[in-house]
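Okay, here's what each chain looks like letter by letter:
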Amino acid sequence: MKKKCCYNDCYKFVFLTILFGFSSVISAQQKAGNDFWKNVQFGGGLGLSVGSGFTNIAVAPSAIYNFNEVFAAGVGLQGSYVKVDDRDIRYKSYIYGGSLIGLVNPIEQFQLSAELEQLRINQEFTGTTLKNNFWNTALFLGAGYYTGNVTVGVRYNVLFNRDDLAYNEAVMPFVRVFF
């Protein structure tokens, strides 16, 4: 007998693991004198694109921990809504997920990055019964110029597959801001 996979149980497990993991880290850092929070930076991105029959709204908060002046690592969340209402295409999509990011600053004003992203994509083609729901994993390797809290650069998805319908291209520009 084949066992059914229950995504709700997986989500509960991941949520509880993250919750207890952060609780332990916060508790340990409070005992250490709050040095942890001095090395944390928060940032992310907001996006809004509107046009004739097109809407894209995106929110992507993130946080990194600076181990020293060269290395940093962190986590991010992402959520977006896309709607296309054109004569030829009627489409909407919900995209949400998370990512792990590593940053290396080998020399002043130059930053290398690696970002592992896991997204759930729910697509619906309005007026039809066609729905496409799937997970997409991306591994971005990037390089950029940074000054202060802002990095501008380009990243490449080494796991890019045109058939996944998650991204149009493997190469993407980015702007990263942390405070």
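Right above here is the structure, for reference.
Thresholds applied
Residues numbered from 1 in each chain as written. Predicted model: local features only at pLDDT ≥ 70, side-chain atom pairs only at ≥ 80, totals over all residues. Heavy atoms only, no water. Pairing = 2+ DSSP bridges. Helix = DSSP H or I, 4+ residues; strand = E, 2+ residues; numbered from the N terminus. Contact = heavy atoms within 4.5 Å. Axes fitted to C-alpha atoms, helices over the stretch in contact; angles between N-to-C directions.

Draft legend 1. Focus on the pairing of strand E6 (residues 131-147). Alignment of strand E5 (residues 110-125) against E6, held across 15 bridges, turns out to be antiparallel. Each bridged residue has a counterpart across the sheet, and for Asn122 the counterpart in E6 is Asn133. Between E5 and the antiparallel strand that follows it, E6, lie 5 residues; Gly127 among them carries a positive phi value of about 85 degrees. In this sheet, strand E7 (residues 150-157) lies alongside E6 in antiparallel orientation, the contact comprising 8 bridges. Pairing of Tyr145 across the sheet is with Val152, part of E7. Counting the residues that bridge the hairpin from E6 to E7 gives 2 residues, and of these Gly148 lies at a positive phi of roughly 65 degrees.

Draft legend 2. Structural view of the environment of Asn136. Topologically, Asn136 is positioned in strand E6. Separated by 17 residues in sequence, Asn136 and Leu119 place their C-alpha atoms 5.2 Å apart. Residues within four places of Asn136 in sequence aside, it is in contact with Glu117, Gln118, Leu119, Ile121, Asp164, Ala166 and Tyr167.

Draft legend 3. Looking closely at the sheet that holds E5. On the basis of which strands lie adjacent, the open sheet formed by 8 strands has the order E1-E2-E3-E4-E5-E6-E7-E8 and antiparallel pairing. Edge strands, defined here as strands with exactly one partner in the open sheet, are strand E1 (40-51) and strand E8 (171-177). Here the strands of the sheet are splayed against their neighbours by 20 degrees on average, with no regard to which way each runs.

Function cannot be read off these values alone, since they describe shape.
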